[in-house]
Amino acid sequence: MAYQTLLAHFPLEEDVDAVLGVATTLAERHSAHLLGLHVVPRLDTVHYYEVPVSVLREFESHRRTLAERLGERFAEGTRTRDFVADWRVVQGDDRPLERMLIEVGNTTDLIVVALTREPGRRGSRGELTGRLLGGSGRPVLLVPPERAPDTLGTRVFLAWDGQRAATRALFGALPLLVRADAVRLQRINTPARDRRHALGATEQLAATLSRHGVEVELFHADAREGDIGRELLGFAVDWGADLIVSGCQEQGAVREFLLGSTTRHLLEHTTVPMLMSH
């Protein structure tokens with residue numbers, strides 16, 4: 001079991017080292033096809049005639065230069081590696097950037113992007129992350145910008161609550177789990193839930209994973225609803241995890257995608273790469 005096609009998104013130069021380091025490591029480990037993607041941003045204005053020609057030319061020049069630099073760094077980082085790598089530049093149009101990214105990402109096994117903070121602030125890159133998580137049909141691997149990890153997927157921490165999103169993330173991570181040295185399955189129960197309903201399901205999940213060749217350590221804990229994110233990160237860091245697998249929770253998603261409190265806490269505070277699914 002292996003990932004066959006990976007998508008790595010490169011919007012800015014500041015993300016390249018961390019994202020390319022993780023993406024190339026996975027591509028080499030899985031002998032996967034790595035697709036590097038840059039979406040050229042469009043000029044966000046309705047009335048082009050109100051913008052001076054000199055500004056438009058400067059903007060176009062900056063866009064071309066950025067795309068060229070990103071392509072050069074992608075080529076440099078993949079040239080001597082033992083996998084197939086493709087670089088693709090997509091011109092932005094009237095669609096939001098995340099829709100274009102989702103459209104391409106849904107054709108791959110895994111999407112690798114930089115983790116950006118402030119996931120709930122309107123117009124921020126973090127909002128794009130939230131919309132990508134909410135709209136993508138594929139698991140998303142978020143790489144913290146602080147540093148590229150020395151290892152990835154050797155000690156995997158599974159945060160599982162028995163719900164759809166966490167389950168999709170877990171099985172989306174199977175190609176990583178079968179190669180991990182250690183896997184911890186952490187079930188956190190909130191006091192409002194009857195522990196008897198959870199008991200047995202986690203053990204059944206562990207049995208299912210063992211049939212895939214994944215042996216897990218099982219842990220149960222109780223936490224208040226507002227403390228789940230903090231508890232999960234504490235357990236993961238204390239255990240020495242180099243990858244966290246978790247569902248992406250949403251709330252109030254009627255007109256726009258809003259992240260749940262646990263997901264927001266994880267995105268805002270983790271220093272460990274996270275594989276998430278909605």
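Going by the structure above, here's the rest.
Residues numbered from 1 in each chain as written. Predicted model: local features only at pLDDT ≥ 70, side-chain atom pairs only at ≥ 80, totals over all residues. Heavy atoms only, no water.

1. Some thoughts on the overall build of the protein chain
Helix and strand counts for the protein chain stand at ten helices and ten strands. Burial status across the protein chain gives 47% buried among its 278 residues. As displayed, the protein chain offers around 13,700 Å² of accessible surface, 48% of which is attributable to carbon and sulfur atoms. (Helix = DSSP H or I, 4+ residues; strand = E, 2+ residues; numbered from the N terminus. Buried < 20%, exposed > 50% of the residue type's maximum accessible area, 1.4 Å probe, protein only. Areas by Shrake-Rupley, 256 points an atom, 1.4 Å probe, with all protein chains shown as cover.)

2. Some details on helix α8 (residues 201–211)
By the burial criterion, the buried members of α8 are Thr202, Leu205, Ala206 and Leu209. Down the axis of α8, the sector holding all buried residues measures 100 degrees, keeping them to one side. Phi for Gly213, located one or two positions after α8, is positive at around 90 degrees. (Arc of directions from axis to C-beta.)

3. A word on unusual backbone geometry
The phi angle of most residues is negative, glycine excepted, and most peptide bonds adopt the trans form. Phi is positive for Ser31, which is not a glycine, with a value near 50 degrees. Here Ser31 shows up in the loop between α1 (16–30) and β2 (33–40).

4. Focus on the packing of aromatic side chains
Under the definition given, this model contains three aromatic pairs. Residues Phe10 and Phe74 carry aromatic rings whose centres are separated by 5.9 Å and whose planes lie at 65 degrees to one another, so their mutual orientation is edge-to-face. One end of the pair, Phe10, is in the loop between β1 (5–9) and α1; the other, Phe74, is in helix α2 (residues 53–78), and 64 residues separate them in sequence. Across the pair, exposure class does not vary: Phe10 and Phe74 are buried alike. Pairing Phe74 with Trp87 gives two aromatic rings, centres 5.3 Å apart and planes at 35 degrees, and the pair type is tilted. Of the two residues, Phe74 is situated in helix α2 and Trp87 in strand β3 (residues 85–91); the sequence distance between them amounts to 13 residues. The class of Phe74 is buried, set by a relative accessible area of 3%. (Phe/Tyr/Trp six-rings, centres within 6.5 Å; stacked < 30°, edge-to-face > 60°.)

5. Some points on the packing of helix α9 (residues 228–239) against helix α10 (residues 261–269)
Following both chains from N to C, one finds α9 and α10 inclined at 45 degrees, their axes separated by 8 Å at the closest point. Between α9 and α10, the interaxial angle falls into the category oblique. The handedness of the crossing between α9 and α10 is right-handed. In contact with Ile228, Gly229, Arg230, Leu232 and Leu233 of α9, α10 contributes Thr262, His265, Leu266 and His269. Its residues assigned to classes, the contact of α9 with α10 comprises four nonpolar, four polar and one charged. (Axes fitted to C-alpha atoms, helices over the stretch in contact; angles between N-to-C directions. Parallel < 35°, antiparallel > 145°, perpendicular 65-115°, else oblique. Left-handed = near helix turned anticlockwise from the far one by under 90°. Contact = heavy atoms within 4.5 Å. Nonpolar A, V, L, I, M, F, W, Y, C, P; charged D, E, K, R; others polar.)

6. A word on the environment of Ala23
Relative to the elements of secondary structure, Ala23 occurs in helix α1. On the accessibility criterion, Ala23 (0% relative accessible area) is buried. In the structure, Ala23 is positioned 90 residues away from Val113 in sequence and 9.1 Å away in space, judged by C-alpha atoms.

7. Quick word on the packing of α1 against α2
A pair of packed helices can be characterised by two numbers: the angle between their axes and the separation between those axes. Two numbers describe how α1 lies on α2: the axes approach to 11 Å, and their chain directions differ by 35 degrees. Crossing geometry of α1 relative to α2 is assigned as right-handed. Residues Val16, Asp17, Leu20 and Thr24 of α1 lie in contact with α2, whose contacting residues are Leu70, Arg73, Phe74, Gly77 and Thr78. Considering only residue class, the contact of α1 with α2 consists of four nonpolar, three polar and two charged.

8. Thoughts on the pattern of salt bridges
Under the defined criterion, the tally for this structure stands at six salt bridges. Its salt-bridge partner being Arg73, residue Asp17 comes within 2.9 Å of it at the nearest N-O pair. Linking Asp17 in helix α1 with Arg73 in helix α2, this pair joins segments that are 56 residues apart in sequence. Note on Arg73: relative accessible area 26%, which makes it partly exposed. Measuring nitrogen to oxygen at the nearest pair gives 2.7 Å for the salt bridge that ties Arg63 to Glu60. Here the residue Arg63 and the residue Glu60 both occupy positions in helix α2, the gap between them amounting to three residues, near one helical turn. Arg63 sits in the buried class, given a relative accessible area of 12%. A relative accessible area of 30% places Glu60 in the partly exposed class. Via salt bridges that share partners, Glu13, Asp17, Arg69 and Arg73 belong to a single interconnected network. (Salt bridge = Lys/Arg side-chain N within 4 Å of Asp/Glu carboxyl O.)

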